[in-house]
Amino acid sequence: MFDQLPPSVREQMDVLLPQVLEGGVNILIAVIILIAGLWFAGRLRAWTMRGLGRWPTMDEMLKNFFGNIVRYLVLIFTILAVLAKFGVQTASLIAVLGAAGLAVGLALQGTLSNVAAGVMLLIFRPFRAGHYVEAGGVAGTVKELTLFTTELATPDNVQIIVPNSDVWGQPITNYSYHPQRRLDMTFGISYGDDIGKAMDIIRRELEAEPRCLADPEPFIGVINLGDSSVDIVVRVWVMNADYWPTKFDLTRRIKEGFDEGGITIPFPVRTIYNSAAD
């Protein structure tokens with residue numbers, strides 16, 4: 001059947017068929033390279049994180065960061081290999097991409113600043129995964145640091161994504177950095193109550209609480225004479241993880257101790273005069 005075609009058509013087919021076959025083979029190889037590259041990028045990321053996990057001092061945030069870097073590098077080489085199978089000159093492409101990258105970089109200064117900020121956060125390490133921080137105008141537990149963003153989780157487990165430039169460009173308050181924290185509490189008692197007795201009740205509850213540290217020594221003192229109360233401040237040191245449980249328990253127990261000892265906690269009283277009744 002092929003021999004029955006006109007000579008001119010046969011000549012064209014003799015030229016086109018090898019090109020079609022070569023193009024089909026190149027497409028097949030390119031698809032295989034792409035699939036293999038995607039698979040290898042994921043596997044190499046996992047291997048990198050597993051290898052870094054053998055160091056006891058390596059936290060989860062750094063493992064994820066370096067794992068993502070390795071994955072992106074493999075994907076870049078994969079894309080270049082795929083383009084090469086279609087006859088694209090990768091050397092000239094890299095030069096074009098470099099020039100285009102400069103233009104895109106100028107247009108995306110904010111995005112690139114996030115990358116630079118992420119690198120600075122990794123170098124100076126103001127926080128680690130699991131730390132509770134205030135950064136970028138929000139507060140939460142650090143979950144992950146990527147090339148562009150920092151992921152936080154609020155106490156009620158709501159995800160917050162903050163650009164790295166916002167985190168690095170503003171003050172960072174790390175509540176989990178030091179192993180110990182000072183717990184400050186203020187209790188108001190009536191002017192007619194015995195201040196010494198109230199302090200003794202507070203001191204008794206502090207001594208009975210095993211989570212309160214003896215060193216530094218707890219402090220109890222009168223901090224303010226308010227409009228309707230004498231304010232007593234309590235400053236005690238606890239381990240970081242015990243901060244909130246200790247605060248909740250001490251507040252309840254000191255209030256119950258005041259009730260048993262006859263110490264009253266005043267509350268605002270408002271007197272309303274009815275001029276129409278005069």
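All values reported here derive from a predicted model rather than from experimental measurement.

Student: It is not clear to me how unusual backbone geometry should be interpreted in this structure. Could you clarify?
Tutor: Glycine aside, residues mostly have negative phi, and peptide bonds are mostly found in the trans state. Omega for the bond connecting D215 with P216 falls within 30 degrees of zero, at 5 degrees, which places this linkage in the cis form. For P216, the position within the fold is in the loop between α6 (195-208) and β7 (219-225). At R125, a residue that is not glycine, the phi angle is positive and equals roughly 50 degrees. Its location among the elements puts R125 in the loop between α4 (109-124) and β1 (132-135). Positive phi, close to 65 degrees, is recorded for N157, a residue that is not glycine.

Student: How should the sheet that holds strand β3 (residues 149-153) be read in this particular structure?
Tutor: The strands making up a sheet associate through hydrogen bonds between their backbones, and the pairing can be parallel or antiparallel. Strands sit in the order β4-β3-β2-β1-β5 across an open sheet of 5 strands; the sheet is antiparallel. The sheet terminates laterally at β4 (159-163) and β5 (173-174), the two strands that pair on one side only. Judged from the 4 bridges that link them, strand β2 (residues 138-145) and β3 form a sheet pairing that is antiparallel. Counted as the bridge partner of V142 is L152 from β3.

Student: I keep staring at a nonpolar patch on the surface and nothing clicks. Help me out?
Tutor: A surface patch of nonpolar side chains, amounting to about 410 Å² of accessible area, comprises V119, I123, F124 and W168. With 3 residues, α4 is the largest single contributor of residues to the nonpolar patch. Turning to its location among the elements, F124 is positioned in helix α4.

Student: I keep staring at helix α7 (residues 243-261) and nothing clicks. Help me out?
Tutor: Because an α-helix completes one turn every 3.6 residues, residues spaced three or four positions apart along the sequence face the same direction. When the terminal C-alpha atoms of α7 are compared, their 26 Å separation across 19 residues agrees well with the 27 Å that a helix rising 1.5 Å per residue should span. Turning to α7, its buried residues are Y243, T246, L250, R253, I254, G257, F258 and G261. Seen from one end, α7 has its buried residues packed into an arc of 145 degrees, which puts them on one side. Along its buried surface, α7 packs onto β6 (180-189), α6 and β8 (230-239). One or two positions beyond α7, positive phi appears at G262, with a value near 75 degrees.

Student: Could you clarify how one ought to interpret the packing of aromatic side chains in this entry?
Tutor: The description of two aromatic rings rests on the distance between their centres and on the angle between their planes. Counted according to the given criterion, the structure contains 6 aromatic pairs. Between Y243 and W244 the ring centres are 5.1 Å apart and the planes differ by 85 degrees, which places this aromatic pair in the edge-to-face class. Of the residues examined, W244 reaches a relative accessible area of 46% and is grouped as partly exposed. Of the aromatic side chains, those joined through ring pairs into one cluster are Y243, W244 and F248. Here R181 stacks its cationic end above the ring of Y243, 3.8 Å away from the centre of that ring.

Student: What is the right way to read the environment of G196 from this model?
Tutor: The topology assignment puts G196 in helix α6. A relative accessible area of 33% means that G196 is categorised as partly exposed. Each C-alpha atom of the pair G196 and G221 lies 9.9 Å from the other, and the pair is 25 residues apart in sequence.

So, how was this worked out
Residues numbered from 1 in each chain as written. Predicted model: local features only at pLDDT ≥ 70, side-chain atom pairs only at ≥ 80, totals over all residues. Heavy atoms only, no water. Helix = DSSP H or I, 4+ residues; strand = E, 2+ residues; numbered from the N terminus. Pairing = 2+ DSSP bridges. Patch = residues over 30% accessible without salt bridge, like charges linked within 9 Å, V, L, I, M, F, W, Y side chains within 5 Å. Areas by Shrake-Rupley, 256 points an atom, 1.4 Å probe, with all protein chains shown as cover. Salt bridge = Lys/Arg side-chain N within 4 Å of Asp/Glu carboxyl O. Expected span 1.5 Å × (residues − 1). Buried < 20%, exposed > 50% of the residue type's maximum accessible area, 1.4 Å probe, protein only. Arc of directions from axis to C-beta. Contact = heavy atoms within 4.5 Å. Phe/Tyr/Trp six-rings, centres within 6.5 Å; stacked < 30°, edge-to-face > 60°. Lys NZ or Arg CZ within 6 Å of the ring centre and 35° of its normal.

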